[in-house]
Amino acid sequence: MNARTRRLTTAQALVRFLSAQYTERDGVRRRLIAGTWGIFGHGNVAGVGQALVEVGEDVMPFHQGRNEQSMVHAAVGYARQLNRLSAQAVTTSIGPGATNLVTGAALATINRLPVLLLPGDYFASHAPDPLLQQLEHPVEADVSVNDTLRPVSRYFDRITRPEALIPSALQAMRVLADPAETGAVTLALPQDVQAEAYDWPEEFFAERVWSVRRPAPDPVELTAAVEAIRSAERPLIVAGGGVHHSEAEQALKAFVEATGVPVASTQAGKGSLRFDHPADLGGIGHTGTAVSDDLARTADLVIGVGTRYTDFTTASGTLFQNPEVRFLNVNITGFDAHKLAARTLVCDARSGLERLLEALTGHRVSEAYEAEYRSGKDRWDEIVEAVYRADDENAVPTQTQVLGALDAAVGDDDVVINAAGSLPGDLHKLWRSRSPRQYHLEYGYSCMGYEIPAGIGVQQAAPGTPVWALVGDGTYLMMPTEIVTAVQEGLPVNIVLIQNHGYASIGGLSQEIGGERFGTAYRFRAADGTFTGDPLPVDLAANAASLGMDVLRAKSVRELREALAAARASDRPTCVYVETDPAPTAPPAEAWWDVPVAETASREAAVEARERYERQVADRRRHL
């Protein structure tokens, strides 16, 4: 080695490079890649694995996972908790270890959250060919199973020569740190290249700081946006995840208090305002509140701040029914800003809100409009209180009473995590968010199995913060494996495990669309061959205990409250297990969601569902 180069393997060089990368926003600096998750096999054990041993924990902390998909979920939870300013890497072997990353990568990219994926790959030299776990393609010899990661990655490269790492690593960091580009980034690493030595320029290992930009709005766009707001009589803000990612909560609060414009939130944006703020109307769309959806139907200007406008938000194009409705979108990506033929402010959410507030001095919505939405908010608050309340403390709790008990147990800074099943709808309608990061719903991909590993990532990002992973039995059975990691690392993640014997959410949807709850219950087969017999004798609480958790069983509302308090006070990973009353108690959907129904059918349930479907789909609009 001379003064200008350093001889290292490709894997050693990559790990040292990653340890020297930082982000900076508003004068605050963080490690860009704060640690690496890994499961080792022949595709990475002698490369990245050896490199991590070489540098040690002080340079690159290592986290041992049990499932490749769940390692990505943990990294995503970590990045979201830190507003995308810090991320983690995930290394796997070749073959199934690599393909297990695909679901997590899709989740990260859809939710615009950074994670660096480092899967092993086949020999670049093709010396042993085929090797163990290789997919042989008869006409494309350069294809590997890692190519499944291409469509779900924001940046992808296969490093077939050591020196090729230099430009690709720099591009990878650029994408991870760019709020308009970020998502999953994949550097596929052939196992022979990982172990190959090269004389690396010392400059490659120099400390680099990636500035996380806050682009300001274009003056022409700003003028048009201000004009649109001033001329609107019934404006409504739709707050999305971009409010949180840009730390724009205080800017939104200031804007709302000055102008009186109310705020409805997507799943990712909930908590943008504290629940008891007079202008916070709760969730919007298919799982939204009555007051939010009523206002959305009559709004003449919808101001989207950091939202992607998924079908749940727009009620599959049926929600915004005012013939004169127009859209103004504040978004850091032009792709999202232009949705619904909107006027655009392509900028950072906080910068955009601050500039709008400056330009709207003296402007405020009418007193009648404020009185209207505040009255609607009061009526909805009464509904929440009613479904949270348990008149009989000795009764088996309903799912909404479980949420009510948790609402009473948590503090302002606790984090509540969920992703799939019937819980997201109930939470979006009912949860009372007290701080920006309390409500952690992964609903871009709605991936069963996300909650427990994401809880670990949140704990790593915010040590000492009480974390609650809310899971149903279906989700728990998908991916309980990282309980072992929480126990190993001493991370006191709390799991609230709700047993309702099947896929409750899909069961309800199936019934609504004429599927008659087919295949959605966890029960023995009945005489007719359907899954309608007795519940399965599965003890999920015992399973959690076998993986090392402390388990508290609650059979009544009173026992549930006591168990939640004990779990929050514990310094060990704790599972609160509760079997719920299956009777639905949540308020019904206030807006539609398009799930196509069989156009022809002989069964009465499907015929009736199709008639309902055709009435609903007639309300869909194209906002052009």
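Our structure's up above, just so we're on the same page.
Below you will find a few notes about this structure. Predicted model, so just to flag it, every value in this text is computed and none were measured.

### Details of the pairing of strand 23 (residues 574-579)
On any regular strand, side chains alternate: one points to one face of the sheet, the next to the other face. Extensive coverage of strand 23 is indicated by the burial of five of its six residues. Summarising the sheet, strand 21 (residues 494-499) and strand 23 pair through six bridges and their orientation is parallel. Among the inter-strand pairings, I498 is bridged to a residue of strand 23, identified as V578. With five bridges joining them, strand 22 (residues 550-554) and strand 23 adopt parallel strand pairing. Residue pairing for strand 23: D550 is matched across the bridge by T574. Considered for its hand, the β-α-β crossover made up of strand 22, helix 23 (residues 557-569) and strand 23 is right-handed.

### Some details on the packing of helix 16 (residues 399-409) against helix 17 (residues 423-430)
Orientation of helix 16 relative to helix 17, taken along the N-to-C sense of each, is 55°, at an axis distance of 11 Å. Taken as axis vectors, helix 16 and helix 17 run oblique relative to one another. Helix 17 is crossed by helix 16, and the crossing has right-handed handedness. In this structure, helix 16 uses Q399, T400 and L403 to contact helix 17, whose residues at the interface are L423, D426, L427 and L430. In the contact of helix 16 with helix 17, the residues fall into four nonpolar, two polar and one charged.

### Regarding the environment of W210
Checked against the element boundaries, W210 lands in strand 11 (residues 208-211). With a relative accessible area of 19%, W210 lands in the buried category. Distance in space between the C-alpha atoms of W210 and E24 is 6.3 Å, their sequence separation being 186 residues. Non-local contacts of W210, meaning those with residues more than four positions away in its chain, are made with Q21, Y22, T23, E24, L32, L170, M173, R174 and A177.

### A look at the pairing of strand 15 (residues 301-305)
Burial analysis of strand 15 places five of its five residues in the buried class, the great majority of the element. Note: strand 12 (residues 235-239) against strand 15, five bridges, orientation parallel. The partner of I237 across the bridge, within strand 15, is I303. Looking at chain direction, strand 15 and strand 16 (residues 326-331) are connected through five bridges and run parallel. Bridge pairing in strand 16 places G304 opposite N329.

### Here's the deal with the side chain of T318
Turning to its location among the elements, T318 is positioned in the loop between helix 12 (311-314) and strand 16. Ignoring any residue separated from it by four or fewer positions in sequence, one finds T318 in contact with W592, Q616, D619 and R620.

### Some details on the nonpolar core
If you look at the biggest cluster of nonpolar residues, it comprises 78 residues, and the most contacted ones within it are I237, L252, L356, W468 and L470. Considering every element that reaches this core, the biggest residue donor is helix 15 (residues 367-388), with six residues. Ignoring sequence-local partners within four residues, the contact set of I237 consists of L252, F255, V256, V261, P262, V263, A264, I303 and V305. Counting residues in hydrophobic clusters, the runner-up holds 35 residues, among them L32, A89, I159 and L165.

### Side note on unusual backbone geometry
With an omega of 0°, the peptide bond running from D129 to P130 counts as cis. Mapped onto the secondary structure, P130 falls in the loop between strand 7 (115-121) and strand 8 (155-158). Positive phi is not limited to glycine here, since Y309 has a value of about 55°.

### Structural notes on the sheet that holds strand 14 (residues 280-283)
Pairing within the open sheet is parallel, and its six strands lie in the order 14-13-12-15-16-17. The sheet is open, and its two edges are formed by strand 14 and strand 17 (343-346), each paired on a single side. Put simply, the sheet's adjacent strands are angled 20° from each other on average, direction ignored. Alignment of strand 12 against strand 13 (residues 263-265), held across three bridges, turns out to be parallel. Directly across from V238, in strand 13, lies its bridge partner A264.

### Brief notes about the packing of aromatic side chains
Tallied over the full model, the rule gives 11 aromatic pairs. Note on F40 and F62: the rings are 5.5 Å apart at their centroids and 25° apart in plane angle, and the pair reads as stacked. Pair noted here: F40 is in the loop between strand 4 (33-38) and helix 2 (45-55) and F62 is in strand 5 (residues 62-64), with a separation of 22 residues, a long-range link. The exposure class assigned to F62 is partly exposed, which follows from its relative accessible area of 23%. A centroid spacing of 4.9 Å and a plane angle of 75° characterise the contact between Y198 and W200, whose relative ring orientation is edge-to-face. Following the ring pairs from residue to residue traces out a cluster consisting of F17, Y198, W200, F204 and F205. Lying across the ring of Y22, R29 places its NZ or CZ 5.9 Å from the centre. Above the face of the Y577 ring, R553 is positioned so that its terminal group lies 5.7 Å from the ring centre.

### Here we look at the side chain of D407
Looking at the secondary structure, you find D407 in helix 16. A relative accessible area of 5% means that D407 is categorised as buried. In this view, D407 contacts Y388, W431, R432 and R434; residues no more than four positions away in its chain are not counted.

### Thoughts on a nonpolar patch on the surface
There is a patch of nonpolar side chains on the surface, built from F524, L536 and V538 and spanning about 240 Å² of accessible area. Position of V538 relative to the elements: it lies in the loop between helix 21 (504-512) and helix 22 (540-546). Of the residues examined, V538 reaches a relative accessible area of 42% and is grouped as partly exposed.

### Focus: the pattern of salt bridges
Scanning the model with the defined rule gives 36 salt bridges in all. Across the pair E207 and R29 runs a salt bridge, and its minimum N-O distance is 2.8 Å. Of this pair, E207 sits in the loop between strand 10 (197-201) and strand 11 while R29 sits in strand 3 (residues 28-31), and the two are 178 residues apart along the sequence. For R29, a relative accessible area of 42% corresponds to the partly exposed category. Measuring nitrogen to oxygen at the nearest pair gives 2.7 Å for the salt bridge that ties R158 to D121. Separated by 37 residues along the polypeptide, R158 in strand 8 and D121 in strand 7 bring together distant segments of the chain. Under the relative-accessibility criterion, R158 is labelled buried at 15%. Given a relative accessible area of 2%, D121 falls into the buried group.

### Description of the sheet that holds strand 11
In space, the three strands of this open sheet follow the order 3-2-11, with mixed pairing throughout. Edge strands, defined here as strands with exactly one partner in the open sheet, are strand 3 and strand 11. Sheet twist, expressed as the average angle between the axes of neighbouring strands with direction ignored, equals 30°. Here strand 2 (residues 21-25) runs beside strand 11; their pairing, made up of four bridges, is parallel. In the strand pairing of strand 11, Y22 is matched with V209. Sheet contacts for helix 6 (residues 165-177): strand 2 and strand 11; angle to strand 11, the most-contacted strand, approximately 40°.

Calculation notes
- Residues numbered from 1 in each chain as written.
- Predicted model: local features only at pLDDT ≥ 70, side-chain atom pairs only at ≥ 80, totals over all residues.
- Heavy atoms only, no water.
- Buried < 20%, exposed > 50% of the residue type's maximum accessible area, 1.4 Å probe, protein only.
- Helix = DSSP H or I, 4+ residues; strand = E, 2+ residues; numbered from the N terminus.
- Pairing = 2+ DSSP bridges.
- Right-handed = clockwise from strand over helix to strand, strands pointing away.
- Axes fitted to C-alpha atoms, helices over the stretch in contact; angles between N-to-C directions.
- Parallel < 35°, antiparallel > 145°, perpendicular 65-115°, else oblique.
- Left-handed = near helix turned anticlockwise from the far one by under 90°.
- Contact = heavy atoms within 4.5 Å.
- Nonpolar A, V, L, I, M, F, W, Y, C, P; charged D, E, K, R; others polar.
- Core = buried A, V, L, I, M, F, W, Y, C linked by side-chain atoms within 4.5 Å.
- Phe/Tyr/Trp six-rings, centres within 6.5 Å; stacked < 30°, edge-to-face > 60°.
- Lys NZ or Arg CZ within 6 Å of the ring centre and 35° of its normal.
- Patch = residues over 30% accessible without salt bridge, like charges linked within 9 Å, V, L, I, M, F, W, Y side chains within 5 Å.
- Areas by Shrake-Rupley, 256 points an atom, 1.4 Å probe, with all protein chains shown as cover.
- Salt bridge = Lys/Arg side-chain N within 4 Å of Asp/Glu carboxyl O.

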